[in-house]
Amino acid sequence: MTVVAVVAGVLLAVAALLVSYRILAGPGTLDRVIGIDSLVGIAAAGFAIWAAYSDDTTVVAGVVALALVGFLGSAAVTRFRVRDDR
């Protein structure tokens, strides 16, 4: 289980770096919103991996809440965003 958790953690860290680049260099607001939503999903997956590794089930409610807040935030931003003018 330790090897799987370490490999998953490294892959999530690489994904977080790539998504952070997309957030900073995104040409439009929707690219940045998708990047932030992806980063929230990566954080939730990281917490879930930590919960599985440590056998601590108290984190599961936080993972669900984080995923819900990320989804609602993305939906709200895409609903009320202003068009990008190039």
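Preceding this section is the structure that the text describes.
Residues numbered from 1 in each chain as written. Predicted model: local features only at pLDDT ≥ 70, side-chain atom pairs only at ≥ 80, totals over all residues. Heavy atoms only, no water.

Asks: When you look at the overall build of the protein chain in this model, what are you seeing that I'm missing?
Replies: Looking only at helices and strands, one finds three helices and zero strands in the protein chain. Its C-alpha atoms give the protein chain a radius of gyration of 15 Å, clearly above 12 Å, the size a compact globule of 86 residues would have. Across its three principal directions, the C-alpha atoms of the protein chain cover 50 × 25 × 10 Å. Residue burial in the protein chain is summarised as follows: out of 86 residues, 19% are buried. Here the contacts in the protein chain between residues at least 6 apart in sequence split such that 53% fall between residues at least 24 apart. Just so you have it, the protein chain exposes about 6,200 Å², and 73% of that area is on carbon and sulfur atoms. For the protein chain, the distance from the average site of its 6 positive side-chain charges to the average site of its 6 negative ones is 15 Å. (Helix = DSSP H or I, 4+ residues; strand = E, 2+ residues; numbered from the N terminus. Rg over C-alpha atoms; globule rule 2.2 N^0.38 Å. Buried < 20%, exposed > 50% of the residue type's maximum accessible area, 1.4 Å probe, protein only. Contact = heavy atoms within 4.5 Å. Areas by Shrake-Rupley, 256 points an atom, 1.4 Å probe, with all protein chains shown as cover. Lys, Arg positive; Asp, Glu negative; His and termini not counted. Charge placed at Lys NZ, Arg CZ, Asp CG, Glu CD.)

Asks: Just to check I follow, could you spell out the environment of Leu66 for this structure?
Replies: Within the element layout of this structure, Leu66 appears in helix H3 (residues 60-80). Residues Leu66 and Phe47, spaced 19 residues apart in sequence, show a C-alpha to C-alpha distance of 9.8 Å. Beyond its immediate chain neighbours, meaning those up to four positions away, Leu66 contacts Val40, Ala43, Ala44 and Phe47.

Asks: What's the story with helix H1 (residues 2-25) in this structure? I'm lost.
Replies: Note that an α-helix has 3.6 residues per turn; residues three or four places apart therefore point the same way. Its 24 residues place the ends of H1 35 Å apart at the C-alpha level, agreeing with the 34 Å of an ideal helix rising 1.5 Å per residue. Tucked inside the fold, the buried residues of H1 contact helix H2 (29-54). (Expected span 1.5 Å × (residues − 1).)

Asks: What is the right way to look at unusual backbone geometry in this model?
Replies: With the exception of glycine, the majority of residues adopt a negative phi angle, and the majority of peptide bonds are in the trans configuration. In this model, Asp55 sits at a positive phi of 55°, which is unusual for a non-glycine residue. Its location among the elements puts Asp55 in the loop between H2 and H3.

Asks: Explanation requested: the packing of H2 against H3 in the structure shown.
Replies: Helix-helix packing: each pair is described by the crossing angle between the helix axes and the interaxial distance. At a closest axis distance of 9 Å, the pairing of H2 and H3 adopts a crossing angle of 175°. For the element pair H2 / H3, the angle class is roughly antiparallel. The segment H2 lies against H3, with Leu30, Val33, Asp37, Val40, Ala43, Ala44, Phe47 and Ala48 engaging Val63, Leu66, Gly70, Phe71, Ser74, Val77 and Thr78. Taken together, the residues of the contact of H2 with H3 sort by class into 11 nonpolar, three polar and one charged. (Axes fitted to C-alpha atoms, helices over the stretch in contact; angles between N-to-C directions. Parallel < 35°, antiparallel > 145°, perpendicular 65-115°, else oblique. Nonpolar A, V, L, I, M, F, W, Y, C, P; charged D, E, K, R; others polar.)

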